[in-house]
Amino acid sequence: MDLLRMMDGLSHGLADLSMFPYFDMAHYIVSMMALREQPGALDVSRASPLACWFSSMLYCFGGAVLSGIMLAEPAVAPLSNSPTILLASIVWYLIFYCPMDVVYSCAALLPLRLLLSGMKEVTRTWKVLGGVTLAQNKYKDSLLVMIAIGWARGAGGGLISNFEQLVRGVWRPETNELLNMSYPTKITLIGAVLFALQQTHYLPLHKHHLMLIYTIFIVVNKTRMMLTGSSASPFASIESVLYKTLFSGHSPYAALTGDFKTPCSGNSSTGGKTSRLTTKESSENRDRGCSLKAKDESENTETADDKKSN
Amino acid sequence: MDLLRMMDGLSHGLADLSMFPYFDMAHYIVSMMALREQPGALDVSRASPLACWFSSMLYCFGGAVLSGIMLAEPAVAPLSNSPTILLASIVWYLIFYCPMDVVYSCAALLPLRLLLSGMKEVTRTWKVLGGVTLAQNKYKDSLLVMIAIGWARGAGGGLISNFEQLVRGVWRPETNELLNMSYPTKITLIGAVLFALQQTHYLPLHKHHLMLIYTIFIVVNKTRMMLTGSSASPFASIESVLYKTLFSGHSPYAALTGDFKTPCSGNSSTGGKTSRLTTKESSENRDRGCSLKAKDESENTETADDKKSN
Amino acid sequence: MDLLRMMDGLSHGLADLSMFPYFDMAHYIVSMMALREQPGALDVSRASPLACWFSSMLYCFGGAVLSGIMLAEPAVAPLSNSPTILLASIVWYLIFYCPMDVVYSCAALLPLRLLLSGMKEVTRTWKVLGGVTLAQNKYKDSLLVMIAIGWARGAGGGLISNFEQLVRGVWRPETNELLNMSYPTKITLIGAVLFALQQTHYLPLHKHHLMLIYTIFIVVNKTRMMLTGSSASPFASIESVLYKTLFSGHSPYAALTGDFKTPCSGNSSTGGKTSRLTTKESSENRDRGCSLKAKDESENTETADDKKSN
């Protein structure tokens, strides 16, 4: 009884929490550290501060830009919010150009990085919910639109990463967040589905309760992943079962490939009709994709939560 | 007299025809079969069902998305139409993941494929006309906008194919539907011009008569092309004359290159000023374009109406 | 006193000047000559007149299209302005397909090209001011949005050049106008900042005075650059000082790299942390970027103001 009442109070407190400025700042810091740890990003910050700034803004406000384009609302809208842009620009400057690199070095210390990453995850809840609510105002009861906008808001930086990279002169067409979904993109999609179901009353939960549960889950999970250095998704087994049930229907060799998380090794065994249709080019693409992926994974073991801190 | 009255009745009947659900379903089936026959598409459907679904939706609703972006209307609008999205998703699932591959195998049988392709062509008339009318509501009497939106609606999947391929991890910058226009894109452009002229009363025809004539033409032509396996455009000679009259003005070697359908072989003979400006890179691009094109054509002879069934 | 009154009269006269048709025509001619001098563009004009036309329209109206997308206004809007589109299309036809190449040969004569380029620069003032005013109507007092839209309007063709090239089958991800800003893009950005400051009354100048000063500056500067064949930016020294003050904070080897205009040579000396993060791929990208840049520069010495006449 007391526990329930405490939970209720806690969830109300959380729902009334303001993201600006502390949580937003944590989001900017963690995002820009992730950008800075991208291969070649430091060179770009030297060669063209403007490209670096624009790329950083896409990392921080990519969700707002993407959902703006999807809903035919001005893509420049985030620029009109002066306090947030100013804050993000100051963070950008300190992370990339601070004398002696003090700010980056401090923020990269594990305890501080843990705290900041946790705070950044909290903003995810607000962004997803904001997207879902925005979509509901425009498209009453259209579940798919609500999920799409909630997802775009929460994981926009990842979803437009191909174009964000293009700003920095990098082009990796062989991969994107739909082909190789990262953990933050996945968890955001799940959040968008949950909040969309809650808003349309298919999920019998109060909004602030769902916010509390979802926030605790993503913060705890993120912390666990950073501490153990593991990039294993907590949904791997559910995904595997779902995949085997739904998407391994027609192919007689599906049993061979098994898990859809290994498309590289799997492809070599997809003989017959498929290979006949596969041109040399696309197989090259795939090979490049695989070698890149292998490289990414080896990098991940080094830089811990490089890619994951989207 | 009787024939005319019969024609009139037929055209009124056609104009009142509802596309949903049967004709729309044929459109989805044929589009997704074309996607499935793209090199590498089956691998993507195994590796990432979500990328495959998104790619399929771009094949089916690309026209609505593109015309939405051009008119600053929400790009997510097609998602809000639940029945059509549901129908398209069911078709997508059955084409890609049906146990024993029953659905694809059946639909690939020539008689059924002929029927479905014919029905899909019928939807083209509705889409083009829908686009033209939509543009007319926004931009009174602006012929160019009406043609652009009608074209985008009817051939959107082809026009955005570079970005649809990007979803699947494929990037072919050396070609696009403006550089190498395929038959469906061409016939849609002609339809958009005709309907725009009709709507602005430059073409003295009733709307339902034009719909009947255009529909019969595209269905008959599509059937003929599928049966003979020829990809020759019925407008080749008109195009050639138009091209020679209008676009071979300044170059003294235009007579050598002759037909603009062979830019690959033609380029080698474009000496003088052009070759001086052509860098190594762009010639590589062109070479790749040519070899790709040659490959495409050799594929086309195999998979009959792979690319054409856009 | 008399000089001041004359200046005032001149600036009022300039502010009342109509861009259509003469100045607009000069803008179209210079833009399309710049397009024609791009490597491979003449081949495209032979292979696909439609792709060439679309590419030309992006060169001429790229600013309107880009600012339209950023403000969620219809991207097709420029098409609805029949007189300007008609004029641009006639210019396009004459530049690319005129018998005996009369029009291009004449316009390429230095005195005429000087005059046309000067007139084109005048349109820049109007475009930047138009963008700034448009943004101010939507976002009162948001300086950043006003700068962004003014810049996009005035230098849109350059900013979307990656996608304009894609229309012609060329893809150069390793460079863009944010990474390697060209002179027209830079001067437009400065203009957008000045006009935004003037409109928000931070800059104590009358609008027509600023228009006169800015116009004279860009016309004189453009003429000087064309006559001397130099591509040196007049702001090089200011940029260098600004860069050294603001953006060389953390790196201990910043003194070695010195000028941010030489990222190619500079990168090789960025050892330590940076090189650890730099993958083979991105270094390849950079190398390609450098060799391309070297090539561009060697081309520039040949075709004088090829790239600069954006």
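Residues numbered from 1 in each chain as written. Chains lettered and ligands numbered in written order. Predicted model: local features only at pLDDT ≥ 70, side-chain atom pairs only at ≥ 80, totals over all residues. Heavy atoms only, no water.

An unreviewed UniProt entry lists chain A under the name Trimeric intracellular cation channel type B, with Austrofundulus limnaeus given as the organism. Database annotation for chain A, UniProt heading Sequence similarities (unreviewed entry): "Belongs to the TMEM38 family." Regarding chain A, the relevant UniProt record gives this comment under Function (unreviewed entry): "Intracellular monovalent cation channel required for maintenance of rapid intracellular calcium release. Acts as a potassium counter-ion channel that functions in synchronization with calcium release from intracellular stores. Activated by increased cytosolic Ca(2+) levels." (UniProt positions renumbered as here; feature names shortened; annotations may be inferred.)

Right, let's get into the overall build of chain A. Counting its secondary structure elements, chain A contains 17 helices and 0 strands. The burial tally for chain A puts 57% of its 310 residues in the buried class. Excluding contacts between residues fewer than 6 apart, the proportion of contacts in chain A whose partners are at least 24 apart in sequence is 73%. Accessible surface for chain A amounts to roughly 13,200 Å². Of this, 69% is attributable to carbon and sulfur atoms. (Helix = DSSP H or I, 4+ residues; strand = E, 2+ residues; numbered from the N terminus. Buried < 20%, exposed > 50% of the residue type's maximum accessible area, 1.4 Å probe, protein only. Contact = heavy atoms within 4.5 Å. Areas by Shrake-Rupley, 256 points an atom, 1.4 Å probe, with all protein chains shown as cover.)

Okay, the pattern of salt bridges next. All names here are of chain B. Counting across every chain of the model gives 18 salt bridges over all chains. Here glutamate 164 and arginine 168 are joined by a salt bridge, their closest N and O atoms 2.7 Å apart. Residue classification places arginine 168 among the buried positions, given a relative accessible area of 6%. (Salt bridge = Lys/Arg side-chain N within 4 Å of Asp/Glu carboxyl O.)

Moving on to the packing of aromatic side chains. The description of an aromatic ring pair uses the distance of the two centres, along with the angle that the planes make with each other. Going through the model one piece at a time under the given rule, you end up with 42 aromatic pairs over all chains. Pairing Tyr243(A) with Phe247(A) gives two aromatic rings, centres 6.2 Å apart and planes at 45°, and the pair type is tilted. Through pairs of rings, three or more aromatic residues link up here, namely Trp92(A), Tyr93(A), Phe96(A), Tyr97(A), Tyr243(C) and Phe247(C). The ring of Tyr104(A) has Arg36(A) lying over it, and the distance from NZ or CZ to the ring centre is 3.8 Å. (Phe/Tyr/Trp six-rings, centres within 6.5 Å; stacked < 30°, edge-to-face > 60°. Lys NZ or Arg CZ within 6 Å of the ring centre and 35° of its normal.)

All right, on to the UniProt feature "transmembrane region" (unreviewed entry) in chain A then. Residues and elements named next belong to chain A. Per the UniProt record, the feature "transmembrane region" (unreviewed entry) sits at residues 12-30, 50-70 and 90-116. From the first C-alpha to the last, residues 12-30 spans 27 Å; its make-up is 68% helix and 0% strand. With 100% helix and 0% strand, residues 50-70 has end C-alpha atoms that lie 26 Å from one another.

What follows deals with unusual backbone geometry. A cis geometry characterises the amide bond from Phe20(B) onward to Pro21(B), with omega recorded as 5°. Relative to the elements of secondary structure, Pro21(B) occurs in the loop between α1 (2-15) and α2 (22-36). At Asp141(A), a residue that is not glycine, the phi angle is positive and equals roughly 65°. Along the chain, Asp141(A) turns up in the loop between α8 (110-138) and α9 (143-159). For Met100(B), which is not glycine, the phi dihedral falls at a positive 65°. Take Met100(B): it is sitting in the loop between α6 (82-97) and α7 (102-107). When its relative accessible area of 69% is taken as the criterion, Met100(B) is described as exposed.

All names here are of chain C. With respect to the helices, strands and loops of the structure, threonine 185 is situated in helix α11 (residues 183-199). The class for threonine 185 is buried, based on a relative accessible area of 0%. Side-chain polar atoms of threonine 185 contact the side chain of glutamate 177, separated by 2.5 Å. At 3.1 Å, the side chain of threonine 185 and the side chain of serine 182 are in polar contact. (Polar contact = N/O pair within 3.5 Å; in protein donor to acceptor, adjacent residues only side chain to side chain.)

Working definition: the covalent bond between the sulfur atoms of two cysteines is a disulfide. Under the counting rule described, the total for this entry stands at 0 disulfides over all chains. Between Cys106(A), a cysteine without a disulfide, and Cys98(A), which holds the nearest cysteine sulfur, the sulfur-to-sulfur distance is 8.6 Å. (Disulfide = S-S within 2.5 Å.)

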